[in-house]
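This is what each chain is made of:
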Amino acid sequence: MKIQLAHKFEDIISVENLLEAWREFIRGKRSKKDAQEFSINLIDNIFSLHSDLADFTYKHGGYQAFNISDPKPRNIHKASVRDRLLHHAIYRILYPFFDKTFIPDSYSCRINKGTHKAINRLRSFAYEVSRNNTKTCWILKMDIRKFFANIDHLILQDILKQYIPDKNILWLLDRVTESFSSPYGNNKGLPLGNLTSQLLVNIYMNELDQFVKHKLGIRHYIRYADDFVILHENRQYLINLLPKMSVFLETRLKLLLHPYKVFIKTLASGVDFLGWVHFPRHRILRTVTKRRMFKKINQNPTNETAASYWGLLSHGNTHKLIHKIRKLLY
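Note that this is a predicted model, so its numbers are computed, not measured.

Next up on the list: the sheet that holds strand β8 (residues 276-278). Strands sit in the order β7-β8-β9 across an open sheet of three strands; the sheet is antiparallel. A strand with exactly one partner marks an edge of an open sheet, and here the two such strands are β7 (271-273) and β9 (283-285). Sheet twist, expressed as the mean angle between neighbouring strand axes with direction ignored, is 30°. Two strands pair when backbone bridges link them, and β8 and β9 are joined in this way by three bridges, in the antiparallel orientation. Across the sheet, the residue bridging to W276 is L285, located in β9.

Quick look at the structure:
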């Protein structure tokens, strides 16, 4: 039996939790018109939300859709301030519990994790597998096709039931998940843009993580959202793993590997992972990332624009890039 969430529905919907959630939500948003409008009658709005939740009359509103490029095009769905406040209230209670159930090498949308920790872990694993670069290190890299759009609501709800005994919390999570449907089915998809989506996809993909670690017994595995790698000294071992991973994803989670984003390569040939191309003794920025960076700097050649990239560039072998940027500015 899986560990059980001790918190109750009342802990999520309490006025105290909603107020704390508001303090977290409003950071960096005080100039936003919709946030300002909600804050004019903040206490009344919070009590109204609390009342609807306590009476089980709460209904999640619709979404405002817009596109971004980060760098690839993504369709973002933005909920109302009222609903986003609730997302924060849910997240505050559920995240600390579920984070303890995740494997250490899951890095997306987790406190004290992130892309830089993930790529450093990749380097550490590569040293282990290659015996400090004395043996060939093979990497199996996989990506899921239309990840957020294909999260199955019924499977997600079944997973949540295994951890959450409070039926009222499950009711609330159903309201959130069912507020959105992707083009791939009425019971499919989570919106890019919801704070709760970040947590729910990690809960969903934790099923794969546990399968990989405890059923397949794989040590050198790293996952960031739907992007994951396995390192091993034997290429055939990775070839044999691939159908096992694919079958599990299809049968348990109804997800498909992206046919053009699955490969097995040596680290020495360069492996593209999380914006960097990794080699045994160094890593360089992905070409498209470099082009995007220089395009932005050329459009707005200021120290402020360049400063936004210094942190990123510090994580790889970028001395020539830094020199080139400085020549553009000075």
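For the rest of this paragraph, the subject is the packing of aromatic side chains. The final tally for this structure, using the stated rule, is 13 aromatic pairs. Each ring, one from F9 and one from F56, has its centre 5.3 Å from the other, and the planes form 10°; the classification is stacked. You can see F9 sitting in helix α1 (residues 9-13) and its partner F56 sitting in the loop between α4 (42-54) and β1 (63-69), a full 47 residues away along the chain. Judged by relative accessible area, F56 falls into the partly exposed class, the value being 38%. A centroid spacing of 5.1 Å and a plane angle of 20° characterise the contact between Y91 and Y95, whose relative ring orientation is stacked. Here Y91 pairs with Y95, and both are found in helix α5 (residues 81-99), just four residues apart, close to one helical turn. A residue is classified by how much of its surface remains accessible, and Y95, at 7% relative accessible area, is buried. An aromatic cluster of at least three residues, connected via ring pairs, comprises F9, F56 and W171.

This next bit is on the sheet that holds strand β3 (residues 138-143). Reading across from one edge, β4-β5-β3-β6 is the order of the four strands in this open sheet, with antiparallel pairing throughout. Of all the strands in the sheet, just β4 (221-224) and β6 (263-266) have a single pairing partner and so form its edges. Each strand axis lies, on average, 20° off the axis of its neighbour in the sheet, ignoring direction. The pairing of β4 with strand β5 (residues 227-232) spans four bridges and is classified as antiparallel. Paired with R223 across the bridge in β5 is F228.

Attention shifts here to the pattern of salt bridges. Charged atoms that come close allow side chains of opposite charge to pair. Per the counting criterion, the structure on display carries 17 salt bridges. A salt bridge links D34 to K78, with the nearest nitrogen and oxygen atoms 3.5 Å apart. In this pair, D34 is assigned in helix α3 (residues 33-40) and K78 in strand β2 (residues 73-79), connecting sequence segments 44 residues apart. D34 gets classed as partly exposed once you look at its relative accessible area, which sits at 28%. Here the residues in one salt-bridge network are D34, K78 and R84, joined through shared partners.

Turning our eyes to something else, we now look at the environment of R121. The topology assignment puts R121 in helix α6 (residues 115-129). Residue class for R121 comes out partly exposed when judged on its relative accessible area of 28%. For the pair R121 and D99, spaced 22 residues apart in sequence, the C-alpha to C-alpha distance is 19 Å. The residues contacting R121, other than those within four sequence positions of it, are D105, Y107 and I222.

To continue, consider the environment of R92. Mapped onto the elements, R92 comes out in helix α5. Judged by its relative accessible area of 27%, R92 is partly exposed. Sequence separation between R92 and I155 is 63 residues; the distance between their C-alpha atoms is 23 Å. Those residues in contact with R92 that lie beyond four places of it in its chain are N17, E20, A21 and E24. Within the structure, the side chain of R92 is placed 2.5 Å from the side chain of N17, a separation counted as a polar contact.

To continue, consider the nonpolar core. Counting residues in hydrophobic clusters, the biggest one holds 71 residues, and the most contacted among them are F98, L208, F228 and L253. In terms of residues, this core owes the most to one element, α5, which gives 11 residues. Formed by 24 residues, the second largest nonpolar core is a distinct cluster that contains L122, L231, F273 and M293.

Cut-offs used in this document
- Residues numbered from 1 in each chain as written.
- Predicted model: local features only at pLDDT ≥ 70, side-chain atom pairs only at ≥ 80, totals over all residues.
- Heavy atoms only, no water.
- Pairing = 2+ DSSP bridges.
- Helix = DSSP H or I, 4+ residues; strand = E, 2+ residues; numbered from the N terminus.
- Axes fitted to C-alpha atoms, helices over the stretch in contact; angles between N-to-C directions.
- Phe/Tyr/Trp six-rings, centres within 6.5 Å; stacked < 30°, edge-to-face > 60°.
- Buried < 20%, exposed > 50% of the residue type's maximum accessible area, 1.4 Å probe, protein only.
- Salt bridge = Lys/Arg side-chain N within 4 Å of Asp/Glu carboxyl O.
- Contact = heavy atoms within 4.5 Å.
- Polar contact = N/O pair within 3.5 Å; in protein donor to acceptor, adjacent residues only side chain to side chain.
- Core = buried A, V, L, I, M, F, W, Y, C linked by side-chain atoms within 4.5 Å.

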